[in-house]
Amino acid sequence: MSEEKEIKVKVGTKSRTIHVDYLARVEGEGSLYIRTNQNKVEELTLKIFEPPRFFEALLRGRSHTDAPDITSRICGICPVAYQMSAVCALEEGLGINIPEYIHQLRRLLYCGEWIESHTLHIFMLHAPDFLHYADMVQMSKEHPDIVNMGLRIKKAGNEIIKNLGGRQIHPINVKVGGFYKIPSEKELTSLIPILTEALRMCKQSMYWINTLTFPNFDRSYEYVSIYNDNEYPISRGRIVSSSGLNITAGEFLSHFEEQQVHYSTALHCMMKGKGAYLVGPMARYNLCRDKLSTSTLQLLDEIQFEKACTNPFRSIIIRMAEVYYAIEEAIRIISTFKDYSMSPSIEYKIKEMTCHAVTEAPRGLLFHKYQINSDGNITNANIIPPTSQNQRTIENDLYKIASDDKSLSDDQLRYKCEVAIRNYDPCISCSAHFLNLERKKM
Amino acid sequence: MNKLSIINKQLPKLAVFKFASCDGCQLTLLDCEDEILQLAKIVEIAHFPEATKTHIEGPYDITLIEGSITTEHDKALIQQIRASSKKLITIGACANAGGIQALKNFANIDSYKEIVYARPEYISTLATSTPISDHVHVDFELQGCPINKEQLLEVINSFVLEKVPCIKSHSVCIECKMKNNVCVSVAHGKPCLGPVTHAGCGAICPSYNRGCYGCYGPKETPDPSALTSWWEKHLNTRKETIKGLLSNFNCAAEAFKKTWKKYDE
């Protein structure tokens, strides 16, 4: 070994190891390890060491009615997504037809989560990267107006969830069949001024984000998202991909499979025959751009944003556009909602069944599958969160960065890799069932 | 005077550590949209990886712990954190009672691993999910799944000012009465854990026409058995429903555990 090493030095080659043992500004615990030799990446692992919590196992034997409240505890940042995938799956299996007014209120609640979660990521976790600040508090000293706008927009999203869901984190109002309570007209319409102000701030924030400098990066991806003819996808529609996949949630497991890797407590989900794929804002934008509202598209045209985005470093712009869209959508739903006196939920009968659903969590496709017995108890559960699905794609991005950017110092490479990981807003708590950068010098 | 003393003194160092959890309780700090920039003026955020790349070595004046202990690695880490913390505060049901993942304490861990992972041998985890107080001395426990934002700010503020936090230890039932809610149990026959659950949420569930499901954990000196017997007698509540209600986010909290175990056949 030492002889071999000597030879390498003689021919002037370089080998190095980059190691980040605790990734900052991501949700949950993970690390990154990269070992390069002669500028070739020999080993790269995005390691998730978030301790497993065995949700699929602990759901067994419990009432199906527990699913929305328990699965929301998988993630404190996107609990609404978990509640929605759970109830959509169970309602599909139980044959419950959710009336349009309940669907609209759920879309409103989900918009609240998109606004809150995306804004947290844009202003608190990702924007500081492009300006080389350690965090939002440091950024606020030189960009107080921007940070304040971010906080106000975030709060607007949280206000929706609090109003309709009872509280921001792990809301309590969602149940199989509908809601426990429909808010009053006064309660819902009180959100309009806050949302109108947030929409204005969103536009200003977009102009600011557009002034940031993003690294050049391009790769070809397989995008996967929900598609719906009538609306930008949140919870209704079929699963589509850039290579032409078009399936129902029930067919998901025939086309995708989870693989376990020895270095991670998160399972990697792959598309059968295709391998790694990408879910989340970039996938939704590239597959469903035409479903965004006219004013969102006008805003994107105004900043001359590309019609197809293949640079994940620029996904922060798409997140901002989705926030703009979600605020507009929330205002639309509240302004047109009339059914305050309707029943908050639909009665149903229990039956033995297997059910599936996908919804669009802020980070991308969230798949739930349940099997229920004739007593209404869960006999089997399978949950595939977005970060599991994006993990291999993140590794592939890092592989390209570590192979292509030979002139970067160890520190620069480490920094760029960390930013590249944050491009995906990885949610590690979700995926453990995630990060540390190691670039090892041989 | 007080202000001056804070300015002249070095700011107390705040650290946030995470164990097995959903991140919701530490997110509560980032959800303080109106207060977070102010907070950064009264404490020095020395370690909070979810929010900042900055890492300042301990010792820390105030340490917030989220999550439960589920691995050998974490069992050792909590000892180190305690040793470098002047005051250690646990936040949320995971850190205080083991969380929903403590359901595995009552099951076979190997079968759990097999249900979730194809290669269970890659997964190293303890058979139990335990609260932080099982491992080290805890100076204050803030209950809730998730914790309440105002209560968190009160606790941090109090530790900065070296005073006792004003956190009421009465029940959700009292909060509910103070909100003038109609009782969901008495009037609508719904089992509600309000009488035995720690206050702090603001009686959200009964305010949304549902029974409390105990996510804030047991209140001071609760008697869940008396409550569940009443449910059985007057509401005809099924045993499975009672077990389900008490065996969720605080399933391993002593008072709740003792009661749901009775309904576990």
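Residues numbered from 1 in each chain as written. Chains lettered and ligands numbered in written order. Predicted model: local features only at pLDDT ≥ 70, side-chain atom pairs only at ≥ 80, totals over all residues.

1. Re the overall build of chain A
Right, on to step 1. The number of helices and strands found in chain A is 16 helices and 14 strands.
Right, on to step 2. Against the 2.2 N^0.38 benchmark of 22 Å for 442 residues, chain A shows a C-alpha radius of gyration of 22 Å, consistent with a compact globule.
Right, on to step 3. Its C-alpha atoms put chain A at 80 × 50 × 35 Å along the principal axes. (Helix = DSSP H or I, 4+ residues; strand = E, 2+ residues; numbered from the N terminus. Rg over C-alpha atoms; globule rule 2.2 N^0.38 Å.)

2. So, the pairing of strand 1 (residues 13-18) of chain B
Residues and elements named next belong to chain B.
Right, on to step 1. Counting buried residues along strand 1, 6 of its 6 residues qualify, which places the element largely inside the surrounding structure.
Right, on to step 2. Pairing geometry for strand 1 and strand 2 (residues 44-47), over 3 bridges, is parallel. Looking at strand 2, one finds that leucine 14 is bridged to isoleucine 45. (Buried ≥ 20, exposed ≤ 12 C-beta atoms within 10 Å, placed from the backbone. Pairing = 2+ DSSP bridges.)

3. Thoughts on the pairing of strand 3 (residues 60-66) of chain B
Residue and element names in this part refer to chain B.
Right, on to step 1. Across the 7 residues that make up strand 3, a large majority, 7, are buried.
Right, on to step 2. For strand 1 and strand 3, the ladder comprises 5 bridges, and the chain directions are parallel. What sits directly across from alanine 15, in strand 3, is threonine 63.
Right, on to step 3. Handedness of the crossover joining strand 3 and strand 4 (residues 85-91) through helix 4 (residues 72-83) is recorded here as right-handed. (Right-handed = clockwise from strand over helix to strand, strands pointing away.)

4. A look at the domain arrangement of chain B
All names here are of chain B.
Right, on to step 1. If you check the domain split of chain B, you get domain 1 (2-160) and domain 2 (172-262).
Right, on to step 2. If you average the C-alpha positions of domain 1 and of domain 2, the two centres end up 26 Å apart.
Right, on to step 3. Listed per partner, the contact involves 14 residues of domain 1 and 13 residues of domain 2.
Right, on to step 4. In terms of residue count, the dominant contributor to the side of domain 1 that touches domain 2 is helix 5 (residues 93-97) (3 residues).
Right, on to step 5. Along the lines of polarity and charge, the residues of the side of domain 1 that touches domain 2 split into 6 nonpolar, 8 polar and no charged. (Domains from an automatic or database assignment. Contact = placed C-beta atoms within 7 Å. Nonpolar A, V, L, I, M, F, W, Y, C, P; charged D, E, K, R; others polar.)

5. Section: the nonpolar core
All names here are of chain A.
Right, on to step 1. Counting 183 residues, the largest nonpolar core has Met320 and Ile327 as its most contacted members.
Right, on to step 2. The element that contributes the greatest number of residues to this core is helix 5 (residues 100-130), accounting for 14 residues.
Right, on to step 3. Look past the residues within four positions of isoleucine 327 in its chain and what remains in contact with it is Ile115, Ala156, Leu195, Ala198, Leu199 and Cys202. (Core = buried A, V, L, I, M, F, W, Y, C linked by C-beta atoms within 7 Å.)

6. A short note on the packing of helix 14 (residues 386-404) of chain A against helix 15 (residues 410-422) of chain A
Residue and element names in this part refer to chain A.
Right, on to step 1. One way to put it is that helix 14 packs onto helix 15 with a least axis distance of 10 Å and a crossing angle of 155 degrees. Classed by the angle they form, the pair helix 14 and helix 15 counts as roughly antiparallel. In the crossing of helix 14 with helix 15, the sense of the turn from one axis to the other is right-handed. Where helix 14 abuts helix 15, its residues Ile394, Asp397, Leu398, Ile401 and Ala402 lie against Leu413, Lys416, Cys417, Ala420 and Ile421.
Right, on to step 2. Classifying every residue of the contact of helix 14 with helix 15 by side-chain character gives 8 nonpolar, no polar and 2 charged. (Axes fitted to C-alpha atoms, helices over the stretch in contact; angles between N-to-C directions. Parallel < 35°, antiparallel > 145°, perpendicular 65-115°, else oblique. Left-handed = near helix turned anticlockwise from the far one by under 90°.)

7. Description of the sheet that holds strand 5 (residues 140-142) of chain B
All names here are of chain B.
Right, on to step 1. Strand order in this open sheet of 5 strands is 2-1-3-4-5, and the pairing throughout is parallel. Either end of the sheet is taken by a strand with one partner, and the two such strands are strand 2 and strand 5. Each adjacent strand pair in this sheet contributes to an overall mean axis angle of 25 degrees, direction not counted.
Right, on to step 2. Sheet topology places strand 4 next to strand 5; 3 bridges connect them, and they run parallel. Within strand 5, the residue paired with threonine 90 across the bridge is glutamate 141.

8. As for the interface of chain B and chain A
Interfaces are often sized by the amount of accessible area the parts lose when they come together.
Right, on to step 1. At the junction of the two partners, chain B supplies 46 residues and chain A supplies 47 residues.
Right, on to step 2. Of all the secondary-structure elements, those providing two or more residues to the side of chain B that touches chain A are helix 2 (24-30), helix 3 (36-42), helix 6 (109-116) and helix 9 (204-207) of chain B.
Right, on to step 3. The element best represented in the side of chain B that touches chain A is helix 2 of chain B, accounting for 4 residues.
Right, on to step 4. A class-by-class count of the residues in the side of chain B that touches chain A yields 25 nonpolar, 11 polar and 10 charged.

9. A word on unusual backbone geometry
Residues and elements named next belong to chain B.
Right, on to step 1. Following glycine 58, the chain continues into proline 59 via a peptide bond in cis, with omega recorded as 5 degrees.
Right, on to step 2. Note that proline 59 resides in the loop between strand 2 and strand 3.
Right, on to step 3. In this structure, aspartate 23 takes a positive phi of about 80 degrees despite not being glycine.
Right, on to step 4. Along the chain, aspartate 23 falls in the loop between strand 1 and helix 2.
Right, on to step 5. Since 28 C-beta atoms lie within 10 Å of it, aspartate 23 is described here as buried.
Right, on to step 6. In this structure, asparagine 180 is a non-glycine residue whose phi angle is positive, near 60 degrees.
Right, on to step 7. Take asparagine 180: it is sitting in the loop between helix 8 (172-178) and helix 9.

10. Side note on the domain arrangement of chain A
Right, on to step 1. Its domain assignment divides chain A into domain 1 (2-51 + 409-439) and domain 2 (55-389).
Right, on to step 2. A straight line from the C-alpha centre of domain 1 of chain A to that of domain 2 of chain A covers 29 Å.

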